[in-house]
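Observations on the three-dimensional arrangement
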Amino acid sequence: MGREKGILIVVSGFSGSGKGTIMNRLLEEHPDTYALSISATTRPPRPGEAHGREYFFVSTDEFESMIARQELIEYAKYVNNYYGTPKEYVSQQLELGKDVILEIEIQGALKVKEAFPDTLLLFVTPPSAEELRSRLLGRGTEEAPIVASRLSRAWQEAQGVEAYDYLIVNDQLEECVQKVHAIIQNEHARMARNGSVIEAIRAGLKAFAKGE
Ligand code: ADP
Ligand code: 5GP
């Protein structure tokens, strides 16, 4: 039986919780199931990041033009930089039946949920605050003051996590990836997402009932 349109999924979590690592594994393991949206940002690339792969790295002027042209589903400021989700790729991939993942922070997540209420919201956390700090420091991609502002932002974000549908504790990476995949795939079975399947079966049963 053909699958319905894909599910829109938002994955948020404290910076350093392992969202990027989990998403990379999920896409490696299930390349035909998932599509990862690529955001635009005004933050500079980290070593190893490429334009059009991790992000579209743009100037503040370019970002503000994208806002003015209404090319973004949502955008937010995070630690002094703009981040936003381009519309076109997301709607194209959903139409193709892919489950589309937005890896975005909490303000953006809430805007997406408001615009598309059947969005699935997942929140990733490491097992403890100490582990978060050590992952951020261990990643070695930010200077100490930026790590400190990301930790303080994490404390603010922790106040809003109840808005999410599922909490994903990223302790053992591989277990965590399996859990995220299972949650998303179970979501396809939700009654409210299967209206056209039910309608087709009802129509068939009605025909039997009438003796056709
Ligand atoms: P985020 O995308 O949430 O900012 P990253 O995916 O960059 O986080 O992960 C932050 C750091 O933690 C990276 O160095 C990554 O290798 C490490 N990491 C991710 N998941 C785990 C895990 N389950 N156990 C230990 N370290 C992890
Ligand atoms: P980083 O600089 O570590 O790549 O990302 C910083 C934060 O911005 C992360 O919480 C990440 O999920 C979030 N983010 C990335 N892209 C977007 C986006 O398009 N919109 C919003 N609202 N947040 C984003």
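For the structure itself, look to the data block above.
Scope of this entry: the structure provided in the associated data block. (Residues numbered from 1 in each chain as written. Chains lettered and ligands numbered in written order. Predicted model: local features only at pLDDT ≥ 70, side-chain atom pairs only at ≥ 80, totals over all residues. Heavy atoms only, no water.)

Lining the immediate environment of ligand 1, one finds 14 residues, of which Gly 16, Thr 21, Arg 139, Asn 170 and Asp 171 sit closest. With respect to ligand 1, the backbone of Gly 20 contributes an N or O atom lying 2.9 Å from an oxygen atom. Side-chain polar atom of Thr 21 to an oxygen atom of ligand 1: 2.5 Å apart, as the coordinates give it. Protein contact buries 73% of the 570 Å² of open area that ligand 1 shows by itself. Ranked by the residues each element gives to the shell around ligand 1, the list is headed by helix H1 (residues 19–29), at three residues. Its residues assigned to classes, the shell around ligand 1 shows two nonpolar, seven polar and five charged. (Near = heavy atom within 4 Å. Polar contact = N/O pair within 3.5 Å; in protein donor to acceptor, adjacent residues only side chain to side chain. Areas by Shrake-Rupley, 256 points an atom, 1.4 Å probe, with all protein chains shown as cover. Helix = DSSP H or I, 4+ residues; strand = E, 2+ residues; numbered from the N terminus. Nonpolar A, V, L, I, M, F, W, Y, C, P; charged D, E, K, R; others polar.)

Ordered by their spatial adjacency, five strands build an open sheet running E2-E7-E1-E8-E9, and the pairing between neighbours is parallel. Taken across any chain shown, the strands that pair with only one partner, and hence form the sheet edges, are strand E2 (34–36) and strand E9 (166–169). Taken over all neighbouring pairs, the strand axes of this sheet differ in orientation by 25 degrees on average, direction set aside. Bridge count for strand E8 (residues 120–125) against E9 is four bridges, and the pairing is parallel. Within the sheet, the bridge partner assigned to Val 124 lies in E9 and is Ile 168. Along the sheet face, helix H7 (residues 173–187) touches strand E1 (8–13), E2, strand E7 (99–103), E8 and E9 and points at about 160 degrees away from the line of E9. (Pairing = 2+ DSSP bridges. Axes fitted to C-alpha atoms, helices over the stretch in contact; angles between N-to-C directions. Contact = heavy atoms within 4.5 Å.)

Scanning all chains against the criterion turns up eight aromatic pairs. Note on Tyr 78 and Tyr 83: the rings are 5.9 Å apart at their centroids and 90 degrees apart in plane angle, and the pair reads as edge-to-face. When sorted by exposure, Tyr 78 lands in the same class as Tyr 83, which is buried. Positioned above the aromatic ring of Tyr 82 is the side chain of Lys 77, whose terminal nitrogen or guanidinium carbon lies 4.8 Å from the ring centre. The cationic tip of Lys 111 hangs over the ring face of Tyr 75; the distance from NZ or CZ to the ring centre is 5.1 Å. (Phe/Tyr/Trp six-rings, centres within 6.5 Å; stacked < 30°, edge-to-face > 60°. Buried < 20%, exposed > 50% of the residue type's maximum accessible area, 1.4 Å probe, protein only. Lys NZ or Arg CZ within 6 Å of the ring centre and 35° of its normal.)

What follows concerns the nonpolar core. Where a protein is soluble and globular, its nonpolar side chains tend to be buried together. Judged by nonpolar contacts, the single largest core of 18 residues is most densely connected at Leu 8, Val 10, Val 90, Val 100, Leu 102, Val 112 and Tyr 164. Those elements that provide at least two residues to this core are E1, helix H3 (87–95), E7, helix H4 (106–115) and E8. Ignoring anything within four residues of it in the chain, the contact list for Val 100 reads Ile 7, Leu 8, Ile 9, Ala 35, Ser 37, Val 90, Gln 93 and Leu 94. By size, the runner-up hydrophobic cluster in this structure holds 17 residues, among which are Val 11, Val 124, Ile 168 and Cys 176. (Core = buried A, V, L, I, M, F, W, Y, C linked by side-chain atoms within 4.5 Å.)

Let us look at the sheet that holds strand E6 (residues 81–86). What holds strands together in a sheet is hydrogen bonding between their backbones, with the strands either parallel or antiparallel. Strand order in the open sheet formed by four strands is E4-E3-E6-E5, and the pairing between neighbours is mixed. The open sheet has two free edges, formed respectively by strand E4 (55–57) and strand E5 (72–78), since each of these has just one partner strand. Each neighbouring strand pair of the sheet contributes to a mean axis angle of 25 degrees, computed without reference to strand direction. For strand E3 (residues 39–41) and E4, the ladder comprises three bridges, and the chain directions are parallel. Note on E4: the bridge partner recorded for Ser 39 is Tyr 55. Seen against the sheet, helix H2 (residues 60–68) touches E3, E5 and E6 and runs at an angle of roughly 40 degrees to E6.

With that settled, consider the side chain of Glu 74. Mapped onto the elements of the fold, Glu 74 is located in strand E5. Side chain to side chain, Glu 74 and Thr 85 meet in a polar contact 2.5 Å long. Glu 74 has contacts with Gly 84, Thr 85, Ile 104, Gly 108, Lys 111 and Val 112, leaving out every residue within four places of it along the chain.

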